[in-house]
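This is what each chain is made of:
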Amino acid sequence: MEAKTLTNFLNEVKERGIRRNNQFQVVVTTGITEVDQSLEDITMWASTATLPSRKQNFVDVFYHGYPFKVPTNMEMDQTMTMTIKSDEDGEYRRAFLKWQSTVSNPAISDGSIGEGDKKINTQSNIRLVFFKDDMETVVETYRLVGCIPSSVGDMSLSNEESALATFDVELTFQYFELEEATGTFNEIR
């Protein structure tokens, strides 16, 4: 096996390219028509998103006094956080709050009432779509199944500065899977 050189690396980069962290889009489908319509263009307003992690667990099995690592179960992080730039009308934040309210009714007089839909909604998915440099060719798509907004973060307002108003949304989901990535974003959506 020969040692890799800088030339090997540059040739590899030229052939395969390097992923940039801004080559993604977000597609939200909740199964709630009003929320889906409001979040149809959320990808332009999502400034960051965190791809969940996955970990293989092992157990030690001893054979003739030597430990062998034997795989047991797979562990997945079941949360994802997105930072959203707020639109002027506040429609995006209200859409996430409405989506969250389908699970628990936030009635102020009685506290949160558990009268919403408690079953896992498999129609409620987030797709994180990754692109090549042309920002059209889809490289891979992560589908987060059974999403629910677990936290719609605060939004700081100030009369003293002109920074963009943003808020974080934490989504809890059941599992994620890789979907086959072919074609362009518009063909997948």
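Note that the structure is a prediction, hence the values are computed from the model and not measured. (Residues numbered from 1 in each chain as written. Predicted model: local features only at pLDDT ≥ 70, side-chain atom pairs only at ≥ 80, totals over all residues. Heavy atoms only, no water.)

Draft legend 1. View of helix α3 (residues 91-101). All buried positions along α3 are accounted for by Tyr92, Ala95, Phe96 and Trp99. When α3 is viewed along its axis, its buried side chains cluster within an angular range of 95° and face the same direction. (Buried < 20%, exposed > 50% of the residue type's maximum accessible area, 1.4 Å probe, protein only. Helix = DSSP H or I, 4+ residues; strand = E, 2+ residues; numbered from the N terminus. Arc of directions from axis to C-beta.)

Draft legend 2. Representation of unusual backbone geometry within the structure. A positive phi angle, close to 55°, is found at His64, a residue other than glycine. In this fold, His64 is placed in the loop between β3 (54-63) and β4 (66-76). Classification of His64 as exposed rests on a relative accessible area of 66%.

Draft legend 3. Inspection of the sheet that holds strand β6 (residues 125-131) at higher detail. The four strands lie next to each other as β1-β6-β7-β10, forming an open sheet whose pairing is antiparallel. Each edge of the open sheet is held by one strand with a lone partner, namely β1 (24-29) and β10 (175-179). Sheet twist, expressed as the mean angle between neighbouring strand axes with direction ignored, is 20°. Across seven bridges, β6 lies against strand β7 (residues 138-145) in antiparallel orientation. For Val129, the partnering residue across the bridge sits in β7 and is Thr141. (Pairing = 2+ DSSP bridges. Axes fitted to C-alpha atoms, helices over the stretch in contact; angles between N-to-C directions.)

Draft legend 4. Quick look at the pairing of β4. The sheet contact formed by β3 and β4 spans nine bridges and is antiparallel. By the bridge assignment for β4, Phe58 is matched with Pro71. Counted along the chain from β3 to the antiparallel partner β4, the turn is two residues long, and its residue His64 has a positive phi close to 55°.

Draft legend 5. Representation of the pattern of salt bridges in the model. Tallied over the entire structure, the rule returns five salt bridges. The salt bridge partner of Lys98 is Glu34, with a shortest N-O separation of 4.0 Å. Of the two residues, Lys98 sits in helix α3 while Glu34 sits in helix α2 (residues 33-38), which places them 64 residues apart along the sequence. Exposure remark for Lys98: the relative accessible area of 37% places this residue in the partly exposed category. For Asp60, the salt bridge identified is with Lys69, shortest N-O distance 2.8 Å. (Salt bridge = Lys/Arg side-chain N within 4 Å of Asp/Glu carboxyl O.)

Draft legend 6. A look at a nonpolar patch on the surface. On the surface, Val59, Val61, Tyr63, Tyr66, Phe68 and Val70 cluster together into a nonpolar patch covering about 600 Å² of accessible area. If you list the elements that add at least two residues to the nonpolar patch, you get β3 and β4. The residue Phe68 is located in strand β4 in this model. (Patch = residues over 30% accessible without salt bridge, like charges linked within 9 Å, V, L, I, M, F, W, Y side chains within 5 Å. Areas by Shrake-Rupley, 256 points an atom, 1.4 Å probe, with all protein chains shown as cover.)

Draft legend 7. Inspection of the layout of surface pockets at higher detail. Roughly 170 Å³ of volume is contained in the second largest pocket. Asp154, Met155, Ser156, Leu157, Ser158, Glu161, Ala163, Leu164, Ala165 and Thr166 together form the lining of the second largest pocket. When the residues that make up the lining of the second largest pocket are grouped by side-chain class, the tally is five nonpolar, three polar and two charged. (1 Å grid on protein atoms, 1.4 Å probe; cavity = no way out; pocket = protein on both sides within 12 Å on 5 of 7 lines; lining within 4 Å. Points joined across faces, edges and corners; volume = space filled by probe spheres on them. Nonpolar A, V, L, I, M, F, W, Y, C, P; charged D, E, K, R; others polar.)

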